[in-house]
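Understanding the architecture of this molecule
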Amino acid sequence: MSGLAQHLHNLGYTVSGSDRIQSDRTYALEKIGIKVHIGHRAENVANAELVVHTSAVHDDNVEVVEANKRKIPVILREQLLGTVFNSFEKRIAVCGTHGKTTVTAMIHEILVKAQVSHTALIGGVYKGNNYFFGENIVVAEACEFNRSFYNLYPTVCVCLNAEYDHPDCYESHDDVLQAFANFMSNTDEKGTVVLPYELRNLCARRKRLCFDKHYEVSNVTCVDGKPSFDITIDGETHSLQLGVAGQHNVSNALAAISVTHQLLNVPLAAIESGLRSFTGVDRRWTEYNSELCKVIIDYAHHPTELMCSVATAQSIAKGNVVCVFQPHTFTRTQAFFDDFATCFDGVSAVAYLPIYSAREKPIVGVNSYLLAERANELGVNAHFLPDFVSAKQWIESTVTKDDVLLILGAGDINELANML
């Protein structure tokens, strides 16, 4: 929402908005002259010509009710994103169950190094913002939640992976695959779909580029968790170094290279520079300064993402890996209940915080206390902690200087990192 607000502001529109609480995002918007109301009230709508809201804001919200009363058009955030995105000549959409925020920011960083003007709409904060203004080209994160990416019509569609997630929106993995296939069909007839080889049949009738087959990768090594590898491009082998931790980011880098080198003709030197200088989006493997130990906060909230975070931590830890996890939404916790226990196999201890409900209501029999019990049954040293204060106390009594502490989740668990 804040990125779209900035974009319309830059185009000369008068923009205002509201949120429940103040945050770094609301302060940033106010700094550039956008009026932000704290709290939702009918009078905030004033004389608006359009009201935009997220899926977390329902039809009974006082501002939505007031807009409908005044017959002011009301649309969802993803509809506005589609209008903005589809207005550009070249349109790069990055989708996938995992990694889309990282790859969107990677492509942006490479284009910056190549001095290519573009607009970037990123699903997280990168170098202080989630929005960067430019011309001709747009690169944006395309989210599958509620099939919101159906509003985007890219000239380049990047699909990183397609695992089962969002059980509140999708009935099965096949349902997810069909949604991604439908989105790929939105790609311009002269455009290209960039995707892994295993998903190639999702867009059989369109021009496609399989990023994990197009380039040959070898000699992957990690130093302090950051991968380096050799890649063969046009018959020549080049050595690349990533500035972000996690071996899974080699695949993300290949997708970014495919888009920028193969489709946008960005010089390899700019790509190499962009990948070296890209150190990640906030809350995606972000290190916090702490006297306790090395503290990493990561947005991981799906079992696959959690396993990648744990593996990366284990590769750099001099001591133990200790995890604090805040499950995100009741439906996801229910769908992956055993997975959320087994994905911490091998860590010295894991603590589960109460489920971050987000947009959902509680489900009977689905809670973090039972999750911790299940993890213990499966041989994991697991604990349930009722709040951030008790989590802070548990951390201080558990970790040692050589340990790596992983603070994991997509909710408000970053507040715990700030407490440390």
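Please refer to the structure placed before this passage.
Conventions used here
- Residues numbered from 1 in each chain as written.
- Predicted model: local features only at pLDDT ≥ 70, side-chain atom pairs only at ≥ 80, totals over all residues.
- Heavy atoms only, no water.
- Pairing = 2+ DSSP bridges.
- Helix = DSSP H or I, 4+ residues; strand = E, 2+ residues; numbered from the N terminus.
- Axes fitted to C-alpha atoms, helices over the stretch in contact; angles between N-to-C directions.
- Contact = heavy atoms within 4.5 Å.
- 1 Å grid on protein atoms, 1.4 Å probe; cavity = no way out; pocket = protein on both sides within 12 Å on 5 of 7 lines; lining within 4 Å.
- Points joined across faces, edges and corners; volume = space filled by probe spheres on them.
- Phe/Tyr/Trp six-rings, centres within 6.5 Å; stacked < 30°, edge-to-face > 60°.
- Buried < 20%, exposed > 50% of the residue type's maximum accessible area, 1.4 Å probe, protein only.
- Lys NZ or Arg CZ within 6 Å of the ring centre and 35° of its normal.
- Polar contact = N/O pair within 3.5 Å; in protein donor to acceptor, adjacent residues only side chain to side chain.
- Arc of directions from axis to C-beta.

Before going further, it helps to spend a moment on the sheet that holds strand 13 (residues 226-233). Sheet architecture is open: three strands sit in the order 12-13-14, paired in antiparallel fashion. Strand pairing shows two members of the sheet lacking a second neighbour, strand 12 (216-223) and strand 14 (236-241), which therefore form its edges. Between one strand and the next, the sheet's axes are offset by a mean angle of 15 degrees, whatever the strand orientation. Pairing between strand 12 and strand 13: six bridges, direction antiparallel. Note that in strand 13 the partner of Cys-222 across the bridge is Pro-227. Docked against the sheet, helix 8 (residues 249-263) engages strand 12, strand 13 and strand 14, running at close to 40 degrees with respect to strand 13. Against the sheet, helix 9 (residues 268-277) contacts strand 13 and strand 14, and its axis sits at roughly 25 degrees relative to strand 14.

Let's shift gears to the layout of surface pockets. For the second largest pocket, the calculated volume is near 250 Å³. Every residue lining the second largest pocket is counted, 13 residues in all, and those nearest its centre are Asp-224, Lys-226, Ala-245, Trp-285 and Glu-287.

A word on the packing of aromatic side chains. Counting across every chain of the model gives twelve aromatic pairs. Plain terms: the ring middles of Tyr-131 and Phe-133 are 6.4 Å apart, the flat faces sit at 40 degrees to each other, and that makes the pair tilted. Judged by its relative accessible area of 4%, Tyr-131 falls in the buried class. Every member of this aromatic cluster is reached through a ring pair, and the members are Tyr-164, Phe-325, Phe-336, Phe-340, Phe-344 and Tyr-352. Sitting over the ring of Tyr-197, Arg-200 keeps its end group 3.9 Å from the ring centre. The side chain of Lys-213 reaches across the aromatic face of Tyr-197, ending 5.0 Å from its centre.

For strand 17 (residues 321-325), the buried fraction is high: five of the five residues fall into the buried class. By the alternation rule, side chains of strand 17 split into Val-321, Cys-323 and Phe-325 and Val-322 and Val-324, which are all buried. Pairing of strand 17 with strand 20 (residues 404-408) involves five bridges; the strand directions are parallel. Residue pairing for strand 20: Val-322 is matched across the bridge by Leu-405. Strand direction decides the pairing type here: strand 17 and strand 18 (residues 349-352), joined by four bridges, are parallel.

Right, let's get into the side chain of Thr-187. Mapping Thr-187 onto the fold places it in the loop between helix 6 (173-184) and strand 10 (192-195). Here Met-184 takes part through its backbone oxygen, which lies 2.7 Å from a polar atom of the side chain of Thr-187. If near-sequence neighbours (up to four positions away) are discounted, Thr-187 is found in contact with Pro-154, Thr-155, Cys-157, Thr-192, Val-193 and Arg-206.

With that out of the way, let us pick up helix 9. Of all the residues in helix 9, the buried ones are Leu-268, Ala-270, Ile-271, Gly-274 and Leu-275. Looking straight down helix 9, one finds its buried side chains confined to an arc of 155 degrees; they lie on one side. Buried residues along helix 9 sit against helix 5 (100-113), strand 13, strand 14 and helix 8.

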